[in-house]
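Here is what each chain is made of, one letter per residue.
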Amino acid sequence: MNLPPQLPVQSDAAPPLSGLHQEFTALRDALSAEIVGQSLLVDRLLVALLADGHLLVEGAPGLAKTTAIRALASRIDASFARIQFTPDLLPADLTGTDIWRPQEGRFEFQAGPIFHPILLADEINRAPAKVQSALLEAMGERQVTVGRTTYPLPDVFLVMATQNPIEQEGTFPLPEAQLDRFLMHVRIGYPDAGAETEILRLARERALRALQPRGTLVEKLSLQKIEAARREVLELHMAPQLERYLVALVLASRDASAYDPALAKRIAWGASPRGSIALERCARARAWLAGRDYVTPDDVRSVAADVLRHRVLPSYEAAAEGWDGERLVAALLDCVPLP
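Only a predicted model underlies this, so the values are computations on that prediction, with no experimental measurement involved.

## Examining the environment of L249
Logical step 1: Within the secondary structure layout, L249 lies in helix α9 (residues 240-254).
Logical step 2: According to the relative accessible area criterion, L249 is buried, its value standing at 1%.
Logical step 3: For the pair L249 and C335, spaced 86 residues apart in sequence, the C-alpha separation works out to 9.2 Å.
Logical step 4: Sequence-distant contacts of L249, that is, excluding residues within four places in its chain, are made with L279, A304, L332, L333 and V336.

This is the structure:
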């Protein structure tokens, strides 16, 4: 039997070290020079930007969380807003509201800070549930409804929410179902001695620049280039066996009995399909930032803890033994074999 000639296989993978990649590399270098001792936070901010998701950052006060998102926003051609969440905050303080114009006899919508492409939700766990849900609905649906009118949010829309692990009094912890809206949950710690010394030097330089202000031009990344970079990320090559490994990792979070029956009893709830999507998108973004046109198992494993720690919940007995989402994810990575 004569078979028809096969067409040549065309790769959809983005070329490594493209012009866009070089611009993002320069952006990462600039942020790393300004945010000393928090390389993980800088990396995860760029991953979230490329993966079109939102970031929940947990860390003690003074660890440059606000400085990091401000530095990123200053290098993107988009507006930035910061919201300090407090117990008396109202949903309209985020979304905006209709204002009556008596001279014109009509209502006019006054947009809230949530319409900025880059948004910092500082200490999100200090606001009541109604305010948290207003923000998380906008994050998930990419739109805001006020009255009878629905307003779309910008195509590039990045929310970095922070929460303080030290103070729990007067806070409203985010429910697990709402935590699932975040692409990643990142935990950051204190810098080492060398980084702390460098921070002192940078602080002095900033203080001197404030006393002698000079007009410095910062080259900004356009929103069109961010969208083009996102397309390149989605076109990276991921081998079928690696995709099966990613899916197996998420399925094991729901039922790990085939790998470790004792671990299966420690997990009350596993990651949803949203977790699979987030894990794939973040692994692709990490590979692209590394200058590769393909995804490796190390890309998946590197982002797994930040993607899954808030999606894999311990059972009551496991929590009593000191198990949390991060420890469960580490156990899953150990028991699910690599492709």
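## Topic: the confidence of the model for the protein
Logical step 1: For the protein, mean pLDDT is 89; residues scoring 70 or higher make up 93% of the total.
Logical step 2: Of all helices and strands in the protein, the one with the weakest mean pLDDT is helix α6 (residues 176-179) (83), whereas helix α12 (residues 297-308) scores best (97).
Logical step 3: Scored below 50 in pLDDT, residues 1-16 shows 12 contacts in the model against residues more than four places distant or in partner chains.

## Concerning helix α14 (residues 325-335)
Logical step 1: When α14 is considered as a whole, its buried residues turn out to be G325, L328, V329, A331, L332 and L333.
Logical step 2: Those residues of α14 that are buried are in contact with α9, α10 (261-266), β10 (267-269), α12 and β11 (313-314).

## Comments concerning the pattern of salt bridges
Logical step 1: Under the counting rule described, the total for this entry stands at 25 salt bridges.
Logical step 2: Note that E108 and R106 form a salt bridge whose closest N and O atoms lie 3.4 Å from each other.
Logical step 3: A residue is classified by how much of its surface remains accessible, and E108, at 25% relative accessible area, is partly exposed.
Logical step 4: Note that R311 is salt-bridged to D180, the shortest N-O span being 2.5 Å. Of this pair, R311 sits in the loop between α12 and β11 while D180 sits in the loop between α6 and β9 (184-187), and the two are 131 residues apart along the sequence.
Logical step 5: Note on R311: relative accessible area 5%, which makes it buried.

## Examining the sheet that holds strand β5 (residues 118-122)
The strands making up a sheet are joined through hydrogen bonds of the backbone, oriented either antiparallel or parallel.
Logical step 1: Across the sheet, which stays open at both edges, the 5 strands sit in the order β2-β5-β8-β1-β9 with parallel pairing between neighbours. Looking at strand neighbours, the two that pair on one side only are β2 (80-84) and β9, the edges of this open sheet. With strand direction ignored, the average angle separating the axes of adjacent strands in the sheet is 20 degrees.
Logical step 2: Across 4 bridges, the pairing between β5 and strand β8 (residues 158-163) is parallel. Counterpart to A121 in the pairing with β8 is A161.

## Details of the environment of Q132
Logical step 1: Note that Q132 resides in helix α5 (residues 129-141).
Logical step 2: As a C-alpha pair, Q132 and T95 span 37 residues in sequence and 12 Å in three-dimensional space.
Logical step 3: In contact with Q132, other than residues within four places in its own chain, are I124, N125, A127, F172, P173, L174, P175 and Q178.
Logical step 4: A polar atom in the side chain of Q132 sits 2.8 Å from the backbone oxygen of F172.

## A look at the pairing of β8
Logical step 1: Counting buried positions over the 6 residues of β8 gives 6, a clear majority of the element.
Logical step 2: Burial of the side chains of β8 extends over both faces: L158, M160 and T162 are buried on one face and V159, A161 and Q163 on the other.
Logical step 3: The pairing of strand β1 (residues 55-58) with β8 spans 4 bridges and is classified as parallel. Considered in β8, the bridge of V57 is made with T162.

Rules of the game
- Going along each chain's sequence as written, the residues are numbered from 1 onward.
- Note on the predicted model: pLDDT of at least 70 is required for a residue's local features to be given, and 80 or more for side-chain atom pairs to be given and counted; whole-chain, interface and lining totals, by contrast, use all residues.
- Hydrogens and water are ignored here; the side-chain numbers use all heavy atoms of the structure.
- To qualify as a helix, a DSSP run of H or I must reach at least 4 residues; to qualify as a strand, a run of E must reach at least 2; elements of each kind are numbered from the N terminus.
- Burial classes: relative accessible area under 20% of the type maximum marks a residue as buried, over 50% as exposed, and values in between as partly exposed (1.4 Å probe, protein chains only).
- The contact definition used throughout considers only heavy atoms, calling two residues in contact when any of these lie within 4.5 Å.
- The score called pLDDT rates the predictor's confidence residue by residue, from a low of 0 to a high of 100.
- Take a side-chain nitrogen of Lys or Arg and a carboxyl oxygen of Asp or Glu: if they are within 4 Å of each other, that pair is a salt bridge.
- The rule for pairing is simple: two strands pair if DSSP sees at least two bridges between them.
- Lines fitted to the C-alpha atoms define the axes, with helices restricted to the stretch that makes contact. Angles between their N-to-C directions range from 0 to 180 degrees.
- Polar contact is defined as a pair of N or O atoms within 3.5 Å, subject to the rule that within protein one atom must be able to donate a hydrogen and the other to accept it, and that residues adjacent in sequence are counted only when both atoms are side-chain atoms.

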